[in-house]
Each structure stands twice: as C-alpha cells, then as structure tokens.
Amino acid sequence: MGKPKLWTKNFISSSIANFLTFTTFYYLLVTLPIYAMQELKSNESEVGLIVTFFLIAAIITRPFAGKWIEKIGKFPVFLTAFLIVFVSSFLYFIAHSLWILLIIRSLHGIGFGMATTATGAIVADLIPESRKGEGMGYYVLTLNLGMVVGPFLGLTIMHLGSTNLLFSINALLALFALIFVIFVRIPKKIMPKEVRNLNTNKGIKSLLEMSAIPISLISGFFALAYSGIISFVSVYAKEIGQVQAASYFFVVYASVLLISRPFTGKWYDQYGANKIIYPSILLFAIGTYLLSLSPTLPLFLLSGALVGLGWGTIFPSLQTIAIEIAPAEKRALATATYLSTFDFGFGIGSFLFGLATVKVGYSTLYFYSTFFVLAGIVIYYLLHGNSSVKGSVHIGRRKSEVE
C-alpha cells in the first residue's frame with residue numbers, strides 16, 4: 001500500500017502563500033529601517049520600534065486568531081488575514097511619518113499573526129498523519145526560504161533607490177499570496193458532538209493550548225539564541241571583515257535546509273522526535289561556536305550550514321510535536337501558542353543581545369551562546385524528551401490508529 005499523498009494542490013497553495021508571507025516579512029525587515037532613517041529622518045532608537053510594533057501586534061493577535069478559528073472556522077480567518085496583509089501593503093505608500101509607519105506596521109502585524117496561525121493549522125489538517133513530520137518540515141522550509149529571498153530582494157531594490165518600487169513589489173507579493181489563498185480548499189472534518197461541546201475554558205486558557213505550552217517554552221528558549229544570529233550576523237560579518245559573506249551565510253543556510261529536509265522529516269516520522277532533536281541541538285551549538293571564532297570565510301559559511309541544519313530541524317520538529325500532542329480541534333490554538341512563544345523569545349533575545357554586545361562584543365556573545373544552546377538539551381529533556389511517549393509522538397499516534 002502506497003504512502004498517502006502529501007503534495008496536493010491545497011498543500012502546495014498554502015505553502016506558497018506562507019512563503020510569500022515570510023518573504024514580505026523579511027523583505028520589509030531589512031529595508032524599512034533604511035527607509036525610516038533616510039526618508040523619515042528617524043534615529044536608531046526610533047527605527048527599533050518598527051520591528052517592536054509589528055511583533056507585539058502579531059504576538060497579541062495569535063491567541064485570539066486561534067480562538068476565532070475554533071468559533072468561525074479556518075478559512076474565514078485565513079482569507080481575512082491575507083486581506084489585511086494585502087491592504088496594509090498598499091498603506092506603506094502613505095507612510096510619510098514614523099507614527100503613520102508604526103500604525104501601518106501594527107495593522108500588518110495583526111494580519112501576519114492571523115495568517116501564520118491559520119496557515120499552520122490548515123496545513124496540519126492537509127498533511128496525512130503518517131507523514132506529519134515530513135510535511136511540517138517542508139512547510140517550515142517555506143519560512144526559511146522567505147528569510148533568504150526577502151532580504152536579498154529587498155536590499156537589491158534599495159540599491160536602486162526607488163521607494164515606490166520597494167513598496168510596489170511588496171504589494172505585488174501580497175497580492176500573489178492572496179490569490180493562492182483563494183484557491184485553497186479545506187477538507188471538512190466532522191467532530192463528534194461531545195468533542196464540539198468540550199471547550200468550556202474561560203480567560204487565558206481559552207487563548208492558549210495548555211498541552212502545547214511546554215514544547216512552546218522550549219522553542220522560546222532556543223529562539224533567544226537564534227535571534228542573536230539572525231539579527232546581528234550581518235553586523236558581525238562587517239566587524240570581522242566578511243561583509244560580502246553575510247548574504248552568503250543565509251544562502252548556505254537555506255541550501256542546507258533544502259538538501260536535508262527530505263531526510264530529516266522522514267526520520268522524524270520513522271524514529272521519533274528525540275532521535276532527531278538531540279543531534280540537531282548539538283549541530284546548532286557547534287555552528288554557533290564556529291561563528292564565535294571570528295572565522296575565515298570557509299568557517300563562516302560552515303557555521304551557517306550547521307546552524308541551518310541544526311535549528312532548521314529543531315524548529316519544525318518542535319512545531320510538529322506541539323500540533324500532534326494537541327486535540328485535533330485545538331491545532332490552531334496550539335500553532336498560535338507555539339508561534340507566539342517563539343516570537344516572544346525572539347524579540348526578547350534580539351533586545352538583550354543588542355544590549356550585551358555593547359559590553360562584551362559579538363564574538364564573546366556567540367561563544368557564550370554555544371553553552372546556552374547546549375543547555376537546551378537539559379531543557380528539552382525535562383519538559384518533553386524524558387517521556388518515551390512524548391519523545392516519540394508518532395509512535396503513540398500510529399498505535400492509536402491501528403487500535
């Protein structure tokens with residue numbers, strides 16, 4: 001009997017929409033600070049608010065998006081989210097002051113938070129249960145590719161010096177994302193009446209999926225270290241005389257992800273989470289250590305490959321666990337809980353890393369980050385990996401399927 005089909009029209013369309021969403025996110029992440037300083041005459045501290053307002057809006061929105069999905073369904077939230085992103089992409093043309101820009105960023109952040117939550121929940125339903133690790137790996141790969149394409153495209157456009165072209169391409173990408181969303185058809189899953197009436201949680205418990213909190217905290221922990229690499233590796237490259245290597249760092253990062261993803265996702269499904277995550281943490285730590293050595297070009301790129309292989313495997317694996325351990329009707333909420341915790345860790349990590357570099361420098365911080373990442377082995381073991389059932393989620397799932 002052959003494997004259930006993974007690459008359906010709906011899965012491909014959802015993944016492309018996700019890729020375009022994260023492409024525009026990173027596209028604006030690297031260009032708006034330059035735009036704000038050159039066109040709006042903002043200073044460095046004000047420019048930092050551009051990211052802060054966006055992330056705060058996304059973090060606050062995600063739990064509510066998960067709740068809305070439970071109440072009105074996935075597709076209405078899915079479509080509304082991408083409509084908000086599309087509309088906000090046109091508003092950038094009128095961002096003639098910092099405060100107008102921050103308001104637009106907040107609106108965009110709301111749409112982004114809703115879009116990533118809804119897309120993750122929809123994709124989780126579209127992926128066959130027996131190929132969950134593989135499918136989520138490919139899905140998260142679209143995020144990583146956006147991280148490479150977005151900055152490269154954005155900085156190329158900035159060199160051309162045209163603000164209108166910058167915002168026009170952003171709007172065009174948002175339009176393409178919306179078109180792919182319109183063509184997605186979500187399979188209807190009928191839940192038993194007792195399951196539909198099960199949710200009586202009030203307050204904070206209605207906005208978070210409690211079963212996903214431990215694995216989400218693990219993701220937030222690693223995001224503290226990961227943020228220091230993503231946010232500052234280009235500045236660090238300039239400091240050590242590897243300016244041109246900064247963009248190649250992300251190219252190597254993405255290339256390794258592309259090559260490894262078919263294998264790591266299948267190994268997750270075959271062997272379970274623990275046998276994938278523990279080696280990946282070690283690779284992540286080694287990559288961070290090599291980065292701390294003020295490396296030559298080959299070592300600098302090797303560190304990018306190891307970070308890509310390590311963190312690029314950890315992130316989708318943890319997200320898969322968060323989705324698998326949650327009840328089927330709570331997958332949207334589990335996705336929102338996971339991504340919000342990751343974003344919170346990323347935001348705090350970037351802020352703390354920026355403060356610490358003033359005192360000790362990038363190389364020293366990356367050196368200490370190595371031990372921080374290694375400590376994640378203990379964190380993962382205590383919160384999840386010490387249980388054979390939790391550590392190999394798919395085993396329990398397949399057993400229940402057989403029964």
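None of these values were measured; they are calculated from a predicted model.

## A few points about the environment of Val85
Reasoning step 1: Along the chain, Val85 falls in helix 3 (residues 74–91).
Reasoning step 2: Given the relative accessible area of 7%, Val85 is considered buried.
Reasoning step 3: Spatially, the C-alpha atoms of Val85 and Phe112 are 6.6 Å apart, while their sequence positions differ by 27 residues.
Reasoning step 4: Among residues more than four places away in sequence, those in contact with Val85 are His108, Gly111, Phe112 and Ala174.

## Topic: the packing of aromatic side chains
Reasoning step 1: Enumeration over the complete set of coordinates arrives at 37 aromatic pairs.
Reasoning step 2: When the ring of Phe53 is compared with that of Trp99, the centres are 6.4 Å apart and the planes differ by 70°; the resulting orientation is edge-to-face. Of this pair, Phe53 sits in helix 2 (residues 44–72) while Trp99 sits in helix 4 (residues 98–126), and the two are 46 residues apart along the sequence.
Reasoning step 3: One aromatic cluster is present, formed by Phe221, Phe222, Tyr226, Phe284, Trp311, Phe315, Tyr338, Phe342, Phe346 and Phe372 through successive ring pairs.

## A look at the environment of Ser42
Reasoning step 1: With respect to the helices and strands, the residue Ser42 is situated in the loop between helix 1 (9–38) and helix 2.
Reasoning step 2: Since its relative accessible area comes to 8%, Ser42 is described here as buried.
Reasoning step 3: The spacing of Ser42 and Leu98 is 56 residues in sequence and 7.3 Å in space, taken between C-alpha atoms.

## Topic: the nonpolar core
Reasoning step 1: By size, the foremost hydrophobic cluster in this structure holds 70 residues, and its most contacted members are Phe222, Tyr226, Phe284, Trp311, Leu318 and Tyr366.
Reasoning step 2: With 13 residues, helix 8 (residues 213–239) is the single largest residue contributor to this core.
Reasoning step 3: The residues contacting Tyr226, other than those within four sequence positions of it, are Met147, Tyr253, Phe284, Trp311, Phe342 and Phe346.
Reasoning step 4: Counting 40 residues, the second largest nonpolar core, distinct from the first, contains Leu40, Phe78, Tyr92 and Phe167.

## Some remarks on the packing of helix 10 (residues 274–291) against helix 13 (residues 362–385)
Reasoning step 1: Between helix 10 and helix 13, the least distance of the axes is 7 Å, while the angle of their chain directions is 170°. In this view, helix 10 runs roughly antiparallel relative to helix 13, as classed from their interaxial angle. Seen along the crossing, helix 10 lies across helix 13 with a hand that is right-handed. Listed contacts from helix 13 to Asn274, Ile277, Tyr278, Ile281, Leu282, Phe284, Ala285, Thr288, Tyr289 and Leu291 of helix 10 are Tyr366, Phe367, Ser369, Thr370, Val373, Leu374, Gly376, Ile377, Tyr380, Tyr381 and Gly385.
Reasoning step 2: Counted by class, the contact of helix 10 with helix 13 contains 15 nonpolar, 6 polar and no charged residues.

Criteria and thresholds
Residues numbered from 1 in each chain as written. Predicted model: local features only at pLDDT ≥ 70, side-chain atom pairs only at ≥ 80, totals over all residues. Heavy atoms only, no water. Helix = DSSP H or I, 4+ residues; strand = E, 2+ residues; numbered from the N terminus. Buried < 20%, exposed > 50% of the residue type's maximum accessible area, 1.4 Å probe, protein only. Contact = heavy atoms within 4.5 Å. Phe/Tyr/Trp six-rings, centres within 6.5 Å; stacked < 30°, edge-to-face > 60°. Core = buried A, V, L, I, M, F, W, Y, C linked by side-chain atoms within 4.5 Å. Axes fitted to C-alpha atoms, helices over the stretch in contact; angles between N-to-C directions. Parallel < 35°, antiparallel > 145°, perpendicular 65-115°, else oblique. Left-handed = near helix turned anticlockwise from the far one by under 90°. Nonpolar A, V, L, I, M, F, W, Y, C, P; charged D, E, K, R; others polar.

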